[in-house]
Amino acid sequence: MNTKRLIKAVAGTRRYIALAVGMQVLALLVNIGMIFVLADFVQALLAGRVRLGPVVLAVAGAFLVRALSQYVQTWASYRSSMAVKQRLRLALFDKAYSYGVAYSGYISPGELVQIGVEGVEQLDNYYGRFLPQLIYSLLAPVILFVALVQLNVQVALVFVAFIPIIPLAIFLVQKLAQRVMTNYWGSFIGLADRFLDNVQGLVTLKLYGADEARNEAMNKEAEAFRLATMRVLRMQLSNIGVMDLVAYGGAALGTFMAIFALSQGALSAAGCLAFILLGADFFLPLRQLGAFFHVAMNGLAAVDRLFKVLDRPAAAEAALEPAPAGLALEVDGVDYGYTADVPVLKDIHLKVRPHELVALVGPSGCGKSTLAGLLCGEYEPNRGIIRYGFGAGENRAAVLAKRIGRIDAQPWLFNESVRANLQMADPTVSEAKMWQVLEKVRLADRLRAAEGLDTVICEGGGNFSGGQRQRLAIARLLLKEADLYIFDEATSNVDAASEAVIMEVIKDLCRQATVVMITHRLQLTLEADQVVFMTKGRIEEQGTAEALLAQEGAFAKMYTEQRQLETYGSGRAQTRERVGAPIPPVTPQLADAADSPAEAWGYYGQLQRQGVM
Ligand SMILES: Nc1ncnc2c1ncn2[C@@H]1O[C@H](COP(=O)(O)OP(=O)(O)OP(=O)(O)O)[C@@H](O)[C@H]1O
């Protein structure tokens, strides 16, 4: 049960809760003392004796002690709820981090934000108010009973008899409330998820004129959330009414019994007054508990969700296996599907040597990005294994996050300075190193013309062009100094100049690391040491671009078709007659040496190996 788990979570904050309860008990004892003195004063007054001194002293003393106790109580409640909130938030984010880059597959970002912020905030009431009040409301009736039973047993028993009705009412409401609160939180998180999605896609919604329809749909969801909130409030208010009836009804009956005992001579006037004045204190702690309970229920429902997240299975924790000697990476018989019934990758075998540039290509949807995700540890193979040259490690997700650098077509730049964005990769990086990578991606001049490293990147990188954004993200990637870099369509949205810069960086990177490059631009595979051509989740062809083109299979066909389109698009109509044959980059050497495209490819390969091209 979550309540038990929550109480366990307060282990480190028990002293604050004990202090808060201790202060409440002290205030009660002082109150009892004051009322007894007051009752004696009235009794003496009735007997014609006036002794004002003790009364004034008792009232002043009680006032001071109660003020002090209230202050300490508030402080202790604050400290205990702060400590618990911090602990639960850390647990939640540790859980999310433990999934590494795959976290959103386990916890949606909307859920993480709602539970981590609003949900945990709600626990304030549970720890800061409800828990101390729960303990106090169990102690207070016992203390009062012990104090009042000496005056009259029957009347004291009447007060006590009413006490269990309030917790019973609370228990019944808890049963009822659970469903209402679960609905409330379900509706809240659903709305938050949708809101985040719509805000992120606002430009798209505007472009398609779909914002009004979305607005309507959100309004409907917001209305459902309002109704869920109203149900919660209705339940809370009606329950407070029931508890008031029991509390004040009990106090009234106790008072009636005390007066009756006085009339029968079974109770002194002072005793009767003490019963009347302290009667409310029998019920008020429980009544207060009931009021806190409703607010705490909100926190409990949030915590239900929090524990559900914390209980989600940990990311598969297989130790990293080292790749065989001489290999930077080995994918051995890997199968993968996002769902059990739809296989996406089938029997993938791949060997990559250190410092190799591997081009992963194939038609859209063939599984290239999925394979990249598997290499990064974003997903786990259903079958087979991936071995890394950087060997074994304790925490697979953490090792992979540290040793692999990945970039896709739309990397995220933060709305901060260029410096802050670059420092994300290495907080200790020197200015000189930052400028060095910026030079490498040809952004140094552009930034010097602005405010250098302090140039602020607007939201979504709006003050940079698409190619510049991509190059800036690549500069950040370079600072990461990983062992394996994955470029997933990193050049797909950029101009030719940026593409050339990025390719230069990639080739340069191969001196220090291994690079897997996913691309649709088959022309770029000419730069790769190994081309892996995939179709429908399988590796269909594998080898150098030159060898694959020479074998005139599926890769060569796709390459040729793409080149045709490119040359057609650039108006080079004269090359159209060469349709059907692979077209290597035209250079003076090739133009002179080759009579046919196939022959040109042979020469191209030779020249590349000799370092001429
Ligand atoms: N998160 C996901 N959940 C379920 N199916 C997915 C998911 N991501 C991709 N797929 C499916 O897996 C298959 C392979 O997708 P993947 O993105 O790996 O292909 P790709 O070769 O990278 O495609 P593209 O070149 O268009 O980016 C596709 O059929 C795709 O619909």
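The notes below deal with the structure included here. Source: prediction; values computed, not measured.

### Here we look at the overall build of the protein chain
Within the protein chain, the secondary structure is distributed over 21 helices and 10 strands. Relative to its 613 residues, the protein chain shows a buried fraction of 46%. Counted over contacts in the protein chain with a minimum sequence separation of 6, partners at least 24 positions apart contribute 74%. Entry remark: accessible area of the protein chain is about 30300 Å², with carbon and sulfur atoms responsible for 60%.

### Some details on empty space enclosed by the protein
The full count for this structure, using the stated rule, is three cavities of 30 Å³ or more. A volume near 50 Å³ is recorded for the largest cavity. If you go around the largest cavity, the residues you meet are F487, A490, T491, I502, M503, I506, M517, I518, T519 and L524. Put simply, the parts of the chain that give the lining of the largest cavity at least two residues each are α17 (496–509) and β8 (514–518).

### A short note on the site of the ligand
Taken together, Y338, V344, S364, G365, C366, G367, K368, S369, T370 and H520 make up the full set of residues adjacent to the ligand. A distance of 3.2 Å separates an oxygen atom of the ligand from a polar backbone atom of C366. The contact in question runs from an oxygen atom of the ligand to an N or O atom on the side chain of K368, over 2.8 Å. For the ligand, whose free accessible area comes to 630 Å², the fraction covered by protein is 55%. Taken together, the residues that form the shell around the ligand break down as three nonpolar, six polar and one charged.

### Examining unusual backbone geometry
You will see that K536, though not glycine, has its phi angle at about 45°, which is positive. On the basis of relative accessibility, which here comes to 70%, the residue K536 falls in the exposed class. Despite not being glycine, E552 shows a phi value in the positive range, around 50°. Summarising the element assignment, E552 is placed in the loop between α18 (545–550) and α19 (554–569).

### Considerations on the side chain of Q468
Mapped onto the elements of the fold, Q468 is located in helix α16 (residues 466–479). In this view, Q468 contacts L443 and R446; residues no more than four positions away in its chain are not counted.

### Quick look at helix α5 (residues 109–148)
A rise of 1.5 Å per residue sets the reference length of α5, with its 40 residues, at 58 Å; its end C-alpha atoms lie 56 Å apart and thus fit the reference within 8%. Along its length, α5 reaches its greatest deviation from straightness, about 35°, at F130, and the proline P132 lies no more than four positions downstream.

### Overview of the packing of aromatic side chains
Geometrically, a pair of aromatic rings is defined through the distance of the ring centres and the angle of the planes. Enumeration according to the criterion identifies 13 aromatic pairs in this entry. Both rings, one in F159 and one in F282, keep their centres 5.0 Å apart while their planes meet at 10°; by these two values the pair is stacked. Of this pair, F159 sits in helix α6 (residues 153–162) while F282 sits in helix α10 (residues 269–310); the two residues are 123 residues apart in sequence, bridging distant segments of the chain. Of the two residues examined, F159 and F282, each falls in the buried class. Plain terms: the ring middles of Y388 and F390 are 5.1 Å apart, the flat faces sit at 20° to each other, and that makes the pair stacked. Accessibility classification places Y388 together with F390 in one group, the buried group.

Rules behind the numbers
- Residues numbered from 1 in each chain as written.
- Predicted model: local features only at pLDDT ≥ 70, side-chain atom pairs only at ≥ 80, totals over all residues.
- Heavy atoms only, no water.
- Helix = DSSP H or I, 4+ residues; strand = E, 2+ residues; numbered from the N terminus.
- Buried < 20%, exposed > 50% of the residue type's maximum accessible area, 1.4 Å probe, protein only.
- Contact = heavy atoms within 4.5 Å.
- Areas by Shrake-Rupley, 256 points an atom, 1.4 Å probe, with all protein chains shown as cover.
- 1 Å grid on protein atoms, 1.4 Å probe; cavity = no way out; pocket = protein on both sides within 12 Å on 5 of 7 lines; lining within 4 Å.
- Points joined across faces, edges and corners; volume = space filled by probe spheres on them.
- Near = heavy atom within 4 Å.
- Polar contact = N/O pair within 3.5 Å; in protein donor to acceptor, adjacent residues only side chain to side chain.
- Nonpolar A, V, L, I, M, F, W, Y, C, P; charged D, E, K, R; others polar.
- Expected span 1.5 Å × (residues − 1).
- Bend = angle between axes of the 7 residues up to and from the residue.
- Phe/Tyr/Trp six-rings, centres within 6.5 Å; stacked < 30°, edge-to-face > 60°.

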